[in-house]
Amino acid sequence: MHYTTLGRTGLSVSVAGLGCGGFSRLGLSTGGNEASAIGIIHAALDQGVNILDTASAYGTEAIVGKAIKRMPREQVVIATKSSVFRGGEGWPAERVVASLDNSLRELGIDCIDVFQLHAVPPSGYDHVRDAVVPALLKEKEKGKFRFLGITETSPNDLEHQMLLRAIPDGLWDVAMVAFHLMSQNTREAVFPAVLKHRVGTLLMFAVRSIFARKERVVEAMRELAAEGKVPQSLADDPDPLGFLIHPGGASSLTDAAYRYVRHEPGVDVVLFGTGDREHLRANIESILRPPLPEADRERLRQMFSHLRGVGLVAPPRAR
Ligand SMILES: NC(=O)c1ccc[n+]([C@@H]2O[C@H](COP(=O)([O-])OP(=O)(O)OC[C@H]3O[C@@H](n4cnc5c(N)ncnc54)[C@H](OP(=O)(O)O)[C@@H]3O)[C@@H](O)[C@H]2O)c1
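Worth saying up front: this structure is predicted, and the values here are computed from it rather than measured.

### Focus: the pairing of strand S10 (residues 174-178)
Across the five residues of S10, five count as buried, placing the element largely inside the fold. Alternating residues of S10 divide into Val174, Met176 and Ala178 and Ala175 and Val177, and every residue in both groups is buried. Two elements, strand S9 (residues 145-152) and S10, share three bridges in a ladder whose sense is parallel. Residue pairing in the sheet places Thr151 in a bridge with Met176 of S10. Sheet topology places S10 next to strand S11 (residues 200-204); five bridges connect them, and they run parallel. Paired with Ala178 across the strands is Met204, a residue of S11.

### Looking at the site of the ligand
Close contacts around the ligand come from 28 residues, with Ser24, Asp53, Arg208, Thr274 and His279 the closest. Separating an oxygen atom of the ligand from a backbone N or O atom of Gly275 is a distance of 2.9 Å. If you list the elements that add at least two residues to the shell around the ligand, you get S9, helix H10 (253-262), strand S12 (269-273) and helix H11 (277-288). It is S12 that provides the largest number of residues to the shell around the ligand, a total of three residues. Its residues assigned to classes, the shell around the ligand comprises 12 nonpolar, 12 polar and four charged.

### A word on the packing of aromatic side chains
We describe a pair of aromatic rings using the distance from one ring centre to the other and the angle between the two ring planes. Scanning the model with the defined rule gives four aromatic pairs in all. Each ring, one from Phe179 and one from Phe191, has its centre 5.2 Å from the other, and the planes form 85 degrees; the classification is edge-to-face. In this pair, Phe179 sits in the loop between S10 and helix H6 (186-189) while Phe191 sits in helix H7 (residues 191-197), placing the two residues 12 residues apart along the sequence. A residue is classified by how much of its surface remains accessible, and Phe191, at 2% relative accessible area, is buried. Through successive ring pairs, a cluster of aromatic residues spans Phe179, Phe191 and Tyr260. Stacked on the ring of Phe23, the Lys or Arg Arg208 has its end atom at 4.1 Å from the ring centre.

### Points about the confidence of the model for the chain
Here the chain shows a mean pLDDT of 95. Residues at 70 or above account for 98%. The low-confidence segment residues 315-319 (pLDDT under 50) makes eight contacts with residues lying over four places distant or belonging to another chain.

### Details of the sheet that holds strand S3 (residues 16-19)
The pairing of strands in a sheet happens through backbone hydrogen bonds and is either parallel or antiparallel. Spatially, the eight strands close up into a barrel ordered S3-S4-S5-S8-S9-S10-S11-S12, and their pairing is parallel. Neighbour-to-neighbour, the strand axes of the sheet open up by a mean angle of 30 degrees, direction not taken into account. Two strands pair when backbone bridges link them, and S11 and S12 are joined in this way by two bridges, in the parallel orientation. Note that in S12 the partner of Leu202 across the bridge is Val269.

Parameters and conventions
- Residues numbered from 1 in each chain as written.
- Predicted model: local features only at pLDDT ≥ 70, side-chain atom pairs only at ≥ 80, totals over all residues.
- Heavy atoms only, no water.
- Buried < 20%, exposed > 50% of the residue type's maximum accessible area, 1.4 Å probe, protein only.
- Helix = DSSP H or I, 4+ residues; strand = E, 2+ residues; numbered from the N terminus.
- Pairing = 2+ DSSP bridges.
- Near = heavy atom within 4 Å.
- Polar contact = N/O pair within 3.5 Å; in protein donor to acceptor, adjacent residues only side chain to side chain.
- Nonpolar A, V, L, I, M, F, W, Y, C, P; charged D, E, K, R; others polar.
- Phe/Tyr/Trp six-rings, centres within 6.5 Å; stacked < 30°, edge-to-face > 60°.
- Lys NZ or Arg CZ within 6 Å of the ring centre and 35° of its normal.
- pLDDT = per-residue confidence, 0-100.
- Contact = heavy atoms within 4.5 Å.
- Axes fitted to C-alpha atoms, helices over the stretch in contact; angles between N-to-C directions.

So this is what it looks like as structure tokens:
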């Protein structure tokens, strides 16, 4: 495993972080059970992963708590989240504090390393900053968490407007942001700001569903070509990203997707979500491999840097 410093938190974290939500939820959404989910966490920890990202909304905090119960607490960085908006309504601070207390109980720990506000829309940022953060900072003084984080709601915030306001505010030690090989505007929009303000980053959506299955890429190319956003030749190609897979290049689509994001300046931790031990092993291996060849990265930039919002939502059958 390789380790890096999570921005100004100073925490030493593995560059591969286990996401305990997403479509898999440690395999709970794909036929797994508590024992297999704990097995996934242990397999990740055995391979050097030392940061686990969960959330009250994922229903996996108690499983994370059981998985780390016998570990020295300082050996693992626990990031979790509270929701703060539902149905367009901002939660009052007391409800977020209650969620923090509940996370501590579910996880069975005294202090959360990174407590994040989950999926904050641009229109809700003022409420979060003015009504919720002051109350949370009092809880921080009591020792309930060490660092404050915020996550964007990617499909509803294609230009990363919320993070662009939050990052310079000095309130947030960690930001969770979406970035992948067909959703590239994070590079110009967000990464220079996190580097300037030394905000640590947890990267989500490197693979999501679009790069987990080739047919999803083909489907996306057809939709994009119909909208005139990519050439028809890409929609007609049965393997439109096949050019990435070659000796000296990527070994698979998911390998390409993780390696594409991993080496971008401004990216600290690449989160990956899985319920499959073979995927877990392969993903860590990919995240530790060198960047994709420069020619492939340049081709991806030319083909896709103008796109917004591709591959951020679930396909209908996974919703
Ligand atoms: N706004 C937010 O705060 C927010 C939103 C979304 C996600 N997140 C965080 O980000 C984490 C990562 O997001 P994500 O779960 O969408 O992760 P991801 O790594 O982008 O994609 C995971 C999907 O790809 C599949 N997959 C993973 N490795 C694979 C492989 N080697 N080959 C084929 N398929 C593979 C997984 O299914 P298998 O189980 O079959 O491997 C799963 O369906 C989440 O777990 C969560 O912690 C945060």
